[in-house]
Amino acid sequence: QVQLVETGGGLVRAGGSLRLSCAASERTFSTYVMGWFRQAPGKEREFVAAIRWSIGSTRYADSVKGRFTISRDNAKNTVYLEMNSLKPEDTAVYYCAVDISTVVIRTTSGNYDYWGQGTQVTVSS
């Protein structure tokens, strides 16, 4: 069973920064896409960012471009989400996920095969 474990969430004031980590249990993810999604109370889960592990290409939601950065560490089998200039509307549970079906970065949550348990990010105004 594949496991993804997110860490790094917490409470931060608007304008602050957080870094989320997602450690994957399988090295086979080196050939696929890993992404971050978030879900706020009463809202649908939405795409945040994703990275094609093999070549490092990335894609971001318009709402986080210029503020968030996704990266990966091959040796640690870990993907990161660096979040800067945080806003109250960034408050959500953040999930990492892996898409093993393609190397094309997709933004629909239903395309992702494995999910972490989520980590809460709360941004106060």
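Conventions adopted
- Every chain begins its residue count from 1, and numbering advances along the sequence as written.
- Note on the predicted model: pLDDT of at least 70 is required for a residue's local features to be given, and 80 or more for side-chain atom pairs to be given and counted; whole-chain, interface and lining totals, by contrast, use all residues.
- In computing side-chain values, all of the structure's heavy atoms are included and hydrogens and water are not.
- Exposure categories follow from relative accessible area, calculated using a 1.4 Å probe and restricted to protein chains: below 20% of the type maximum is buried, above 50% is exposed, and the middle band is partly exposed.
- Secondary structure counts use DSSP, requiring at least four H or I residues in a row for a helix and at least two E residues in a row for a strand, with both numbered from the N terminus.
- Paired strands are those between which DSSP finds at least two bridges.
- Among buried residues, the Ala, Val, Leu, Ile, Met, Phe, Trp, Tyr and Cys ones that are joined through side-chain atoms within 4.5 Å form a nonpolar core.
- The contact rule is simple, with two residues in contact once any of their heavy atoms fall within 4.5 Å.
- Working definition: a disulfide is two cysteine sulfur atoms within 2.5 Å of each other.

1. Side note on the pairing of strand β8 (residues 78-83)
A regular strand carries its side chains on alternate faces of the sheet. The buried fraction of β8 is high, at 5 of 6 residues. As paired elements, strand β3 (residues 18-24) and β8 share 6 bridges and run antiparallel to each other. Opposite C22, over in β8, you have V79 as the bridge partner. As judged from the 6 bridges shared by strand β7 (residues 68-73) and β8, these two strands associate in the antiparallel manner. Bridge pairing in β8 places D73 opposite T78. Hairpin connection of β7 to β8: 4 residues between the antiparallel strands, including N77 at a positive phi of 55°.

2. Overview of the nonpolar core
By size, the foremost hydrophobic cluster in this structure holds 35 residues, and its most contacted members are M34, W36, L81, M83 and Y94. Those elements that place two or more of their residues in this core are β3, β4 (33-39), β5 (46-52), β7, β8, β9 (92-99) and β11 (119-124). Dropping the residues within four chain positions of it, Y94 is found in contact with E6, L20, W36, F37, R38, V48, F68, L81, M83, G118, T119 and V121.

3. Considerations on the state of the cysteines
Counted under the stated rule, the structure contains 1 disulfide. The side chain of C22 participates in a disulfide bridge whose partner is C96; the two sulfur atoms lie 2.0 Å from each other. Disulfide C22 to C96: torsion about the S-S bond roughly 50°, handedness right-handed. Remark: C96 occurs in strand β9 and C22 occurs in strand β3; sequence separation between them is 74 residues.

Nothing here speaks to function; it is all geometry.
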